[in-house]
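# Structural overview for review
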Amino acid sequence: MTIHFYLKYYTHFGQSLFITGNNDYLGNNNRDAAIELSFYNNDYWHAKIEFPKDFDDTVLYKYFLKDTDGSIIFDGEENRVIDLSLIRTGFITMYDTWNGANTVGNVFFTRAFNKVLLNKVTKIKTAPVKNYSYEFRVKAPLLQTGEAIALCGSTQSLKSWNANDPILLTPKNDWFVAKILLAENDWPATYKYGIYNVEQKTMRFEDGENRVIQNFESHIEKIIIHDGFVNCPITLWKGTGVVIPVFSLRSKKSFGIGEFTDIPLLIDWAKKTGLQLIQLLPINDTTATHTSSDSYPYAAISAFAIHPIYINLEKVAGKEHADILKPLKKKQKQLNALAVFDYTQVMKFKLSALKELYLALKDTLKNDPNYFEFFELNRYWLVPYAAFSYLRDKNKTADFNKWKKYKTYNESEIQKLVAPSTKHYDAIAFFYFVQYHLHLQLKAAVNYAHKNKIAVKGDIPIGIHRYGCDAWANPSLYNMNEQSGAPPDDFAVKGQNWGFPTYNWKTMQETGFQWWRRRFDQMSNYFDAFRIDHILGFFRMWSIPIHSVEGIMGRFVPAIPVHISEFHNNNIWFSYDRYCKPFITDEILGWMFGEETDFVKQHFLENASQGQYNLKEEFNTQQKVEEYFLETNGDGYSKIKQGLFDLLSNIILFEEENSGGQQFHFRIDIKNTSSFQQLEYHTKERLHDLYINYFYRRQDDFWKKEAMKKLPQLKRSTNMLICGEDLGMVPHCVPEVMSNLSILALEVERMPKDPQKDFFHPNDSPYLAVVTPSTHDMSTIRGWWEEDRNKTQRFYNYMLGHYGEAPYFCEPWINKEIVLQNLYSPAMWCIFLLQDLLGISEKLRRENPNDERINIPSDANHYWGYRMHLNLEDLLKQKDFNYEIKKYIRESGRLNP
């Protein structure tokens, strides 16, 4: 059997095209064994592949491009299909059109759309075709009810351009298909697709020139044409959503915190108001210390396990064991009445009740086939997680370095630890039990959302807990001597230090990104779309040495360093000690410490040369300073501690490790250091030019290649809709990469990506984007309005277009204007914090806008305790408000049928 593959694609010099697939003859999806296509003519590339005569399997194949720099770009079509069991012939030709990953239409074949949001395709009755020579396949994702895809062409077999009697295509998987017998004298033949109105029996032809039927092989018996997308103008789909952490939900039946069983009430409200998506913050287990610090949802001890705090005890107990929960009714009422949730109390009572329920229900698991299926499908993460959780509680610390046994993960030893024959097995199996019921409850909530045509969007944190199960079980995947964070910005002037280990991308790539693919696979059990937290980390990560505390002491990794020769080549005086060590003089000390200067000199410094000082050995890192003040209970010396931190960060360059003093990286924001300011004018000017080159020019292409090593493979591993959080210090290459991969960008009015602008106008958003006035890391619209009077005034005059003085408080009509401004954006999605929607209503908004805030990134000890101030049941009863929201969504063109 011979199959000819013709791919329509226009290459640049030096590029190569390959085909691979699911069998030996196509390289078994191994890029190194893929078949290279050869140039056929100006339009097509070709490969001829011989299969055994009796080969009748289904062939799944895909194309990829090898660029001149060695990078790989896959066709956006995950798999094209040839079912050889249905094609009894010795010769087949495939004519394929390259589907760029950046083609907008691909987005509508993600799970959020083709499984949840889009209307079912109108069923067309067509007579079965047994004798055919051509099979036409084309895509059209945004058909309305009562519309179908039709085909007409220049020959009698193609209906001679008779639009009143076209050939109707039948939907099959993601394609519309027509099988046609073309006569031998039907050459040359041209054709077009179009949208056919079933009721009116009219056809609207696609735009562009006629398509031409190719036949390069005269003896071919079957020809299959993949024609890409129908080229008809369409109204692009636009939707609206709401974002809220699960813990912030409040219902009359909650146990002091939002639970998965509260999500259906949120779904009911979303449906009532015309919203089509709910977005949740991370739901992973963060139990490291059993204290309120575990409320931080981005510090997961497992990238796979769900947090027990979201479980509904009544659902677990059922009627049979409801008596176990009766003593908790009073406590439940007390906790549910609190304005914020009490993390430690909720966890204490829930875990206690769950342990009782486990003992009462454990025997029923033995006869539950669904439980065994769940266990087997999730064994790879569930067993290490249960073992870790057991050892954490037994050792009273999540820091596995301090455990007496099992501090280093050993698979065979862990299997012995979790064996059912052990005395402590119930303490292990308890965690299996809890995760199973969390799975059931979340799955039920998601199924309810889908039943109501509401998509559910999750959130993938960029980091993992330093003392969590992932770091314990797979330490080689992480750089444990580094900390991830973010450079300084308006919200955190000292930068952010998240404390997570950074990723060892080299090792992850060597394993085929298995950890990430499994993570996405686990997410897809519950979510239709997801937000990649800090997608910039896939280009480069802000990496902070383990001995530093503040984010400002970090640098981007990887990055192209500055070689020592560049200083000489740019006529810049170079001194290692002056640039790479803290610059400390009497003048700087007096300015920083005032009356405490002598105390600081005596206790923390030693004399150096030329009237300068060094920090003593025991204080020469921020970590050492931090530990000293913790040990001495030095709360009253916070000014001195911060001053010492500032001295340690008063440098210009970081030396590249193991470079022998030959390569360096600039410290961020050197212009605001006294070390830089006290250089002579010529040196400052030249040094600043090199600084600009380092951060804004030399890295861009390098970072693009880094991202392209990871993101295309990860995107192809899931069918969820991917949205990237691309805020902060954004390299120039980021929008291009995200657009080329159809990853939705995030656009926030108060965080313009253009440094020359004060604000980003939602009207300027690209289509493949999520627009929002606020995120969980910011104040709400109302809170922001009161933060900076000058900025608010400019926003009022230039963004809202009002004359005169801006109101001091964000009155409901102002809140509404900002919401409407976002709704009328051209972006695919407009997603609001629930608080920003409630801000429209004088009746429903919270009295103090500062009580609405979810997170303060600059505060490392911030407690994540925000809860809705009204019950979801009561929100559902707000007819006027709910009608108002739906009206705004409808009028903005975002209310889809």
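Here's what I pulled together on the structure shown here. Just so you know, these numbers come straight off a predicted model, no measurement behind them.

To continue, consider the overall build of the protein chain. Scanning the protein chain for helices and strands turns up 27 helices and 37 strands. Here the protein chain has a C-alpha radius of gyration of 31 Å; the compact-globule value for 897 residues is 29 Å, and the two agree. Its C-alpha atoms give the protein chain principal-axis dimensions of roughly 100 × 80 × 70 Å. Here the protein chain holds 897 residues, and the buried ones make up 56% of them. Taking contacts inside the protein chain between residues at least 6 apart in sequence as the whole, the part at least 24 apart equals 72%. Accessible surface for the protein chain amounts to roughly 39800 Å². Of this, 49% is attributable to carbon and sulfur atoms. One finds the centroid of the 103 positive side-chain charges in the protein chain at a distance of 6 Å from the centroid of its 108 negative side-chain charges.

Time to look at the environment of Thr-291. Counting through the fold element by element, Thr-291 comes out in the loop between β20 (277–279) and α3 (313–317). We classify Thr-291 as partly exposed; its relative accessible area is 33%. Residues Thr-291 and Met-347, 56 residues apart in the sequence, show an inter-C-alpha distance of 9.1 Å. A polar contact is formed between the side chain of Thr-291 and the side chain of Ser-293, at a distance of 2.9 Å.

Take the sheet that holds strand β33 (residues 663–666) next. The strand order across the open sheet formed by three strands is β29-β33-β32, and the pairing between neighbours is antiparallel. For this open sheet the edge positions go to β29 (562–563) and β32 (653–655), each flanked by a neighbour on one side alone. Sheet topology places β29 next to β33; two bridges connect them, and they run antiparallel. Paired with His-563 across the strands is Gln-663, a residue of β33. Of the strands in this sheet, β29 and β33 touch helix α19 (residues 681–696), which is tilted by about 90° from β33.

Attention now goes to helix α16 (residues 622–631). Gln-622, Val-625 and Phe-629 are the residues of α16 that are buried. One side of α16 carries all its buried residues, which in axial view fall inside an arc of 60°. Turned more than 90 degrees away from the buried face of α16, the exposed residues are Leu-630 and Glu-631.

This next bit is on the pattern of salt bridges. A full pass over the atoms with the stated rule returns 41 salt bridges. The salt bridge partner of Lys-887 is Glu-891, with a shortest N-O separation of 3.3 Å. Here Lys-887 and its partner Glu-891 are both found in helix α27 (residues 879–891), four residues apart, which amounts to about one turn of the helix. Residue class for Lys-887 comes out partly exposed when judged on its relative accessible area of 29%. Residue Glu-891 is classed as partly exposed on the basis of its relative accessible area of 45%. Residues joined in a network through salt bridges with shared partners are Asp-459, Arg-531, Asp-533 and Glu-725.

On to the nonpolar core, then. Ranked by internal contacts, the top residues of the largest apolar core, which has 217 residues, are Phe-113, Trp-516, Phe-666 and Trp-829. For this core, the leading source of residues is helix α8 (residues 425–451), giving 13 residues. Grouped together as the second largest cluster of nonpolar side chains are 26 residues, Tyr-6, Tyr-44, Ile-213 and Cys-232 included.

Those residues of helix α2 (residues 263–273) that fall on the buried side of the exposure criterion are Ile-263, Leu-265, Leu-266, Ile-267, Trp-269, Ala-270 and Thr-273. Taken together, the buried residues of α2 touch β19 (239–243), β20, α8, α25 (834–838), α26 (872–876) and α27. Backbone geometry just downstream of α2 places Gly-274 in the positive-phi region, at approximately 90°.

This part covers a nonpolar patch on the surface. Residues Val-104, Ile-234 and Leu-236 make up a contiguous nonpolar surface patch of about 220 Å² in total accessible area. On the secondary structure map, Leu-236 appears in the loop between β18 (222–229) and β19. Here Leu-236 falls in the partly exposed class, since its relative accessible area comes to 39%.

Turning our eyes to something else, we now look at unusual backbone geometry. Most peptide bonds take the trans configuration, and most residues that are not glycine carry a negative phi. Going from Val-557 to Pro-558, the amide bond is cis rather than trans, its omega being 0°. Within the element layout of this structure, Pro-558 appears in the loop between β28 (555–557) and β29. If you check the backbone angles, Asn-29 has positive phi at about 60° while not being a glycine. Tracing the sequence through the fold places Asn-29 in the loop between β2 (16–21) and β3 (35–36). Of note in this structure, Lys-396 is not a glycine but carries a positive phi near 60°. Relative to the assigned elements, Lys-396 resides in the loop between α6 (369–395) and α7 (411–417). A residue is classified by how much of its surface remains accessible, and Lys-396, at 75% relative accessible area, is exposed.

Moving on, we come to the packing of α2 against α27. For the pair α2 and α27, interaxial distance at closest approach is 8 Å and the crossing angle is 55°. What the angle tells us is that α2 and α27 run oblique. Contacts from Trp-269, Lys-271, Lys-272 and Thr-273 of α2 reach α27 at Phe-881, Asn-882, Ile-885, Lys-886 and Ile-889.

Overall, antiparallel pairing links the four strands, which are arranged β24-β23-β27-β28 in an open sheet. In this open sheet, the two strands that pair with only one neighbour each are β24 (496–497) and β28. Sheet topology note: the strand β23 (residues 482–486)/β24 ladder contains two bridges and is antiparallel. Within β24, the residue paired with Gly-485 across the bridge is Asn-497.

On to the pairing of β33. Pairing of β32 with β33, which is carried by three bridges, proceeds in the antiparallel orientation. Within β33, the residue paired with Glu-655 across the bridge is Phe-664.

Enumeration over the complete set of coordinates arrives at 90 aromatic pairs. Ring centres 4.9 Å apart and planes at 65° place the aromatic pair Phe-5 and Tyr-61 in the edge-to-face group. Of this pair, Phe-5 sits in strand β1 (residues 2–8) while Tyr-61 is found in strand β6 (residues 58–66), placing the two residues 56 residues apart along the sequence. As far as the burial class goes, Phe-5 and Tyr-61 line up, both buried. Taking NZ or CZ as reference, Lys-222 lies 4.8 Å from the ring centre of Tyr-132, over its face. Looking at Arg-716, its charged tip hangs above the ring of Phe-74, at a distance of 3.6 Å from the centre.

We now examine the side chain of Glu-147. Position of Glu-147 relative to the elements: it lies in strand β11 (residues 147–153). Despite its burial, Glu-147 pairs with no opposite charge, the nearest such side chain being Arg-204 at 4.7 Å. Of the polar contacts made by the side chain of Glu-147, one reaches the backbone nitrogen of Gln-144; its length is 2.8 Å.

It is worth spelling out the packing of α2 against α8 at this point. Where α2 contacts α8, the two axes come as close as 9 Å, and the packing angle between them is 15°. Between α2 and α8, the angle is such that the two are roughly parallel. At the point where α2 passes α8, the crossing takes the right-handed sense. Here Ile-263, Pro-264, Ile-267 and Asp-268 of α2 come into contact with α8, specifically with Leu-442, Ala-445, Tyr-448 and Ala-449. Counted by class, the contact of α2 with α8 contains seven nonpolar, no polar and one charged residues.

Turning our eyes to something else, we now look at the side chain of Arg-80. On the secondary structure map, Arg-80 appears in strand β8 (residues 80–83). Only 2.5 Å separates the side chain of Arg-80 from the side chain of Asp-75, close enough to count as a polar contact. At 2.7 Å, the side chain of Arg-80 and the backbone oxygen of Thr-97 are in polar contact. If we skip the residues at most four places from it in the chain, Arg-80 touches Val-59, Leu-60, Tyr-61, Tyr-63, Asp-75, Asp-96, Thr-97, Trp-98, Asn-99 and His-226.

What counts, and at which threshold
Residues numbered from 1 in each chain as written. Predicted model: local features only at pLDDT ≥ 70, side-chain atom pairs only at ≥ 80, totals over all residues. Heavy atoms only, no water. Helix = DSSP H or I, 4+ residues; strand = E, 2+ residues; numbered from the N terminus. Rg over C-alpha atoms; globule rule 2.2 N^0.38 Å. Buried < 20%, exposed > 50% of the residue type's maximum accessible area, 1.4 Å probe, protein only. Contact = heavy atoms within 4.5 Å. Areas by Shrake-Rupley, 256 points an atom, 1.4 Å probe, with all protein chains shown as cover. Lys, Arg positive; Asp, Glu negative; His and termini not counted. Charge placed at Lys NZ, Arg CZ, Asp CG, Glu CD. Polar contact = N/O pair within 3.5 Å; in protein donor to acceptor, adjacent residues only side chain to side chain. Pairing = 2+ DSSP bridges. Axes fitted to C-alpha atoms, helices over the stretch in contact; angles between N-to-C directions. Arc of directions from axis to C-beta. Salt bridge = Lys/Arg side-chain N within 4 Å of Asp/Glu carboxyl O. Core = buried A, V, L, I, M, F, W, Y, C linked by side-chain atoms within 4.5 Å. Patch = residues over 30% accessible without salt bridge, like charges linked within 9 Å, V, L, I, M, F, W, Y side chains within 5 Å. Parallel < 35°, antiparallel > 145°, perpendicular 65-115°, else oblique. Phe/Tyr/Trp six-rings, centres within 6.5 Å; stacked < 30°, edge-to-face > 60°. Lys NZ or Arg CZ within 6 Å of the ring centre and 35° of its normal. Left-handed = near helix turned anticlockwise from the far one by under 90°. Nonpolar A, V, L, I, M, F, W, Y, C, P; charged D, E, K, R; others polar.

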